[in-house]
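This is what each chain is made of:
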Amino acid sequence: MKNILILIISLLTSLTIAIALYLNEFTVLSQGRMAWLHKDREVSSRLLSIPILLYHNIDGKGPFSIDVGSLREHFQLIKDRGIRVIPLRELVQRLERPAPYEDAVIVITFDDGYGSMYTKLLPLAREFGYPVTLFVYCDIISMKSSRNLTWDRLRRMNRQGIDIQAHSISHPDLTEISKKDDPASRKRLYEEIYLCKKMLELYLDRKIDFYAFPFGRYDLSIVDMTMNAGYRRAFSTDYGSNIITRDNFCLRRHHIKSNYSLHYIEHLIR
Ligand SMILES: [Zn+2]
């Protein structure tokens, strides 16, 4: 009789625990969190893992300059695979308030400030409707060389929806300048990081939120100064995608080289 009583009690306890677990899962489901976990496990981590592509010049001269025909092929491939190009700003907002994407998305960026950005990229980005970001360094714009952008063209691109962001004043390797407790080093870093933001904000009459490290190189004190200067995020050339459930300050970018096959580009974006 005593054994039967113990059996009944343990059965009732198990039933209570099962009901409690079910109700808890229902609550979590109603908050959308279980849906997130379910999506993460079963659909694809690609919805949480966002690649940022990084290009430089598009005149087809050199290892980091693809020709505009190849860029068109990349843009077309992204479209054919149903991958949505989102503004860099939208990715950063998603990092700050993580939520899963319903479709595969990608971000496209260009560095430095070559003349081809105005003559070739601007019409192509408009044709495809892609919201690209251009990180410029101030000296290249001030050089007055036909190979580079001018302030006038940069302002026109800004007005036509190209997102312009900061990439230093003179494009040095910041890790070579960075010396602890050296006032000259701090002053130089201050110019390359703070002054660059202020100059672009003055010339473009808008807020600059993002910084791309020249040559993708940085150390902890550089990251610290970038944060203190008021940038919301900084961008390296470390390979890999960005997981939106991990809110990193430094984001990675896939640096596209001119010898990459279309097959390899497909591997990077899918
Ligand atoms: Zn650069």
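Residues numbered from 1 in each chain as written. Predicted model: local features only at pLDDT ≥ 70, side-chain atom pairs only at ≥ 80, totals over all residues.

Trainee: How do you make sense of the packing of helix H3 (residues 68–80) against helix H11 (residues 262–269) when you look at a structure like this?
Mentor: Helix-helix packing is characterised by the crossing angle of the two axes and by the distance between the axes. Where H3 meets H11, the axes come as close as 10 Å, and the angle between the chain directions of the two elements is 45°. On the basis of their axis angle, the class for H3 and H11 is oblique. Where H3 crosses over H11, the handedness of that crossing is right-handed. Seen from H3, the contacting residues are Glu73, His74, Leu77 and Ile78; seen from H11, they are Leu262, Ile265, Glu266 and Ile269. For the contact of H3 with H11, the per-class residue count stands at five nonpolar, one polar and two charged. (Axes fitted to C-alpha atoms, helices over the stretch in contact; angles between N-to-C directions. Helix = DSSP H or I, 4+ residues; strand = E, 2+ residues; numbered from the N terminus. Parallel < 35°, antiparallel > 145°, perpendicular 65-115°, else oblique. Left-handed = near helix turned anticlockwise from the far one by under 90°. Contact = placed C-beta atoms within 7 Å. Nonpolar A, V, L, I, M, F, W, Y, C, P; charged D, E, K, R; others polar.)

Trainee: Explanation requested: the environment of Gln160 in the structure shown.
Mentor: Structurally, Gln160 is set in the loop between helix H7 (151–159) and strand E6 (163–166). For the pair Gln160 and Leu122, spaced 38 residues apart in sequence, the C-alpha separation works out to 8.5 Å.

Trainee: Explanation requested: the nonpolar core in the structure shown.
Mentor: Taken as a class, soluble globular proteins show a tendency for nonpolar side chains to be buried jointly. One finds Met117, Leu134 and Val136 to be the most contacted residues of the largest nonpolar core, which totals 55 residues. Apart from the residues lying within four places of it in its own chain, the contact partners of Leu134 are Phe110, Met117, Met157, Ile162, Asp163 and Ile164. (Core = buried A, V, L, I, M, F, W, Y, C linked by C-beta atoms within 7 Å. Buried ≥ 20, exposed ≤ 12 C-beta atoms within 10 Å, placed from the backbone.)

Trainee: Help me understand H3, please; the structure alone is not making it clear to me.
Mentor: For an α-helix, the turn length of 3.6 residues means that residues three or four places apart are oriented alike. Taking 1.5 Å of rise per residue, the 13 residues of H3 would be expected to cover 18 Å, and the 18 Å separating its terminal C-alpha atoms lies within 8% of that figure. Among all positions in H3, only Leu71, His74 and Ile78 are buried. Buried residues of H3, viewed axially, fall in a sector of 55°; they line one side. In H3, the exposed positions that point more than 90 degrees away from the buried face belong to Gly69, Gln76 and Asp80. Here the buried face of H3 lies against strand E3 (84–85), strand E4 (105–112), helix H5 (116–128) and H11. (Expected span 1.5 Å × (residues − 1). Arc of directions from axis to C-beta.)

Trainee: Would you mind going over the environment of Leu95 with me for this structure?
Mentor: In this structure, Leu95 sits in helix H4 (residues 88–96). Owing to 20 C-beta atoms within 10 Å, Leu95 belongs among the buried residues under this scheme. Separated by 152 residues in the primary sequence, Leu95 and Asp247 place their C-alpha atoms 5.4 Å from one another. Sequence-distant contacts of Leu95, defined by excluding residues within four places in its chain, comprise Ile244 and Asp247.

Trainee: For this particular structure, what's the right way to read the pairing of E4?
Mentor: Looking down a regular strand, the side chains alternate between one sheet face and the other. Burial analysis of E4 places seven of its eight residues in the buried class, which makes it a mostly covered element. Examined bridge by bridge, E3 and E4 share two bridges and lie parallel to one another. In the strand pairing of E4, Arg84 is matched with Val105. For E4 and strand E5 (residues 133–136), the ladder comprises four bridges, and the chain directions are parallel. Residue pairing in the sheet places Asp112 in a bridge with Val136 of E5. (Pairing = 2+ DSSP bridges.)

Trainee: Would you explain unusual backbone geometry in this entry?
Mentor: Excluding glycine, residues mostly have negative phi values, and the peptide bonds linking residues are mostly trans. Although it is not a glycine, Asp112 adopts a positive phi angle of roughly 100°. The phi angle at Lys144 is positive, at roughly 55°, despite the residue not being glycine. If you trace the backbone, Lys144 turns up in the loop between helix H6 (138–142) and H7. On the neighbour-count criterion, Lys144 (8 C-beta atoms within 10 Å) is exposed.

Trainee: Quick question: what am I supposed to make of the confidence of the model for the protein chain here?
Mentor: Per-residue confidence for the protein chain gives a mean pLDDT of 88, with 84% of residues at or over 70. With pLDDT under 50 throughout, residues 17–43 is counted as low confidence; its partners more than four residues away or in other chains account for 10 contacts. (pLDDT = per-residue confidence, 0-100.)

Trainee: I tried to follow the packing of H3 against H5 on my own but got confused; where do I start?
Mentor: H5 packs onto H3 with a crossing angle of 20° between their chain directions and a minimal axis gap of 11 Å. Taken together, the axes of H3 and H5 lie roughly parallel to each other. Between H3 and H5 lies a crossing whose hand is right-handed. Here Val68, Leu71, Arg72, Phe75 and Lys79 of H3 come into contact with H5, specifically with Lys120, Leu124 and Phe128. Broken down by class, the residue content of the contact of H3 with H5 amounts to five nonpolar, no polar and three charged.

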